[in-house]
Amino acid sequence: MAQQKAPPTSWTWRNKTLFMQSQIVDVMADACLGEYRRWTREGGLVHKLALVDLTATVGTGAVIHKHAQVGPNAHIGSGSVVGPHVIVGSSSTLWYNVSLQNCSIGESCIIHNGVCIGQDGFGFLVDETGQMVKKPQTLQVKIGDHVEIGANSCIDRGSWRDTVIGDHTKIDNQVQIGHNVVIGKCCMLCGQVGIGGSCMLGDYILLGGKAGVADHISIVSKVRIAAMSGVTSNIMEPGDYAGFPAVHAQEWRKSAITIRKLGKLPSF
């Protein structure tokens, strides 16, 4: 006699039941998404009016809003938000919890965890009644190609001109770039650099860690600013600068030596 197959165990039936329940939950959840659809590659949410290339990945918990565009082979990490009309270029990567609004990202960029791009800049005035009034911040941020932006850095949208980051520029963690700033190509901004609004930086500029640039400053190409320096006036000649206020590095070294010698003078 042929041996009869054993009936399914309670463990098997329990798993089948759990599987069916999870499918029902998934169907109900998808029905509640409204105008959003779950992306097939990694399960993020994509608005039906967004244009996302089929080769792009949208991680779990990421959201792409209406009229946004995501290019081929781009990656949107879990928890990231791509706002309306934002453009993410081909082969660009957004890691976790990146916030994009009012901006465009070029090709082959890397945006690290927690970066915020395109939020309002810091602009206020006191009106005739003595009240603090917010200035309109209505323009964009334009990020070039092959740009890398470190974790928790912030780049504000423009108010009277777009904020621009040039091709191949590299930005470290916790960097603040104010509204209307224009940065050229191949620049390097080290950690905790702060650039005030409406500055104009040329190409191949290096800002050391914690260096600060006051608002409305222009810096020509091929300038290096030492760490913890403060730029308070325009720099019109290439070279190395240091100190507060920032001066030619050689001048700053001489001043530092002189001050040190003053402390060694005999007292009377």
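Read on for an overview of the structure. Model, not experiment: these values are computed from the prediction. (Residues numbered from 1 in each chain as written. Predicted model: local features only at pLDDT ≥ 70, side-chain atom pairs only at ≥ 80, totals over all residues. Heavy atoms only, no water.)

**A look at the sheet that holds strand E7 (residues 75-76)**
The sheet built from 11 strands is open, its strands ordered E4-E7-E10-E13-E18-E21-E24-E27-E30-E32-E33 with mixed pairing. One side of each edge strand has no neighbouring strand; the edge strands of this open sheet are strand E4 (57-58) and strand E33 (247-248). The sheet contact formed by E7 and strand E10 (residues 93-94) spans 2 bridges and is parallel. Bridge pairing in E10 links His-75 to Thr-93. (Pairing = 2+ DSSP bridges. Helix = DSSP H or I, 4+ residues; strand = E, 2+ residues; numbered from the N terminus.)

**Comments concerning the packing of aromatic side chains**
For any pair of aromatic rings, geometry is given as the distance between the ring centres together with the angle between the planes. For the structure on display, the rule yields 2 aromatic pairs. Here the aromatic rings of Trp-95 and Tyr-96 are separated by 6.4 Å at their centres, their planes lie at 65°, and the arrangement is edge-to-face. Between Phe-122 and Phe-124 the ring centres are 5.1 Å apart and the planes differ by 70°, which places this aromatic pair in the edge-to-face class. Since its relative accessible area comes to 36%, Phe-124 is described here as partly exposed. (Phe/Tyr/Trp six-rings, centres within 6.5 Å; stacked < 30°, edge-to-face > 60°. Buried < 20%, exposed > 50% of the residue type's maximum accessible area, 1.4 Å probe, protein only.)

**Structural notes on the pattern of salt bridges**
Throughout the structure, instances matching the rule amount to 4 salt bridges. Ionic pairing is found between Lys-134 and Asp-120, a salt bridge with its closest N-O pair at 3.4 Å. Taken together, the positions of Lys-134 in strand E16 (residues 132-134) and Asp-120 in the loop between strand E14 (116-119) and strand E15 (124-126) put the pair 14 residues apart, joining distant regions of the chain. Its relative accessible area of 43% is what places Lys-134 among the partly exposed residues. Judged by relative accessible area, Asp-120 falls into the partly exposed class, the value being 36%. Close ionic contact of Asp-120 with Arg-157 constitutes a salt bridge, the shortest N to O distance being 3.4 Å. (Salt bridge = Lys/Arg side-chain N within 4 Å of Asp/Glu carboxyl O.)

**Topic: the environment of Val-88**
Tracing the chain through its elements places Val-88 in strand E9 (residues 87-88). Separated by 36 residues in the primary sequence, Val-88 and Val-52 place their C-alpha atoms 9.4 Å from one another. Beyond its immediate chain neighbours, meaning those up to four positions away, Val-88 contacts Gln-69, Val-70, Gly-71, Ala-74, Ile-76, Val-82, Leu-94, Leu-100 and Ile-105. (Contact = heavy atoms within 4.5 Å.)

**Concerning the side chain of Ser-90**
Tracing the sequence through the fold places Ser-90 in the loop between E9 and E10. Looking at Ser-90, the relative accessible area reads 19%, which means it is buried. The residues contacting Ser-90, other than those within four sequence positions of it, are Gly-71, Pro-72, Glu-107 and Ser-108.

**Details of the pairing of strand E32 (residues 239-242)**
Here strand E30 (residues 223-225) pairs with E32 via 3 bridges, running parallel. Residue pairing in the sheet places Ile-225 in a bridge with Tyr-241 of E32. The pairing of E32 with E33 spans 2 bridges and is classified as antiparallel. Bridging from a neighbouring strand, Ala-242 pairs with Val-247 of E33.

**Notes on the side chain of Arg-157**
Secondary-structure assignment places Arg-157 in the loop between strand E19 (154-156) and strand E20 (163-165). Here Leu-139 takes part through its backbone oxygen, which lies 2.8 Å from a polar atom of the side chain of Arg-157. (Polar contact = N/O pair within 3.5 Å; in protein donor to acceptor, adjacent residues only side chain to side chain.)

**With respect to a nonpolar patch on the surface**
On the surface, Phe-122, Phe-124, Val-126 and Met-132 cluster together into a nonpolar patch covering about 490 Å² of accessible area. By the element assignment, Met-132 lies in strand E16. (Patch = residues over 30% accessible without salt bridge, like charges linked within 9 Å, V, L, I, M, F, W, Y side chains within 5 Å. Areas by Shrake-Rupley, 256 points an atom, 1.4 Å probe, with all protein chains shown as cover.)

**Considerations on the sheet that holds E9**
Ordered in space as E3-E6-E9-E12-E17-E20-E23-E26-E29, the 9 strands form an open sheet in which the pairing is parallel. Edge positions in the sheet fall to strand E3 (51-52) and strand E29 (218-219), since each of these pairs with one other strand and no more. Both strand E6 (residues 69-70) and E9 contribute to a ladder of 2 bridges, which runs parallel. Looking at E9, one finds that Val-70 is bridged to Val-88.

Functional significance is not addressed by these values, which are geometric in nature.
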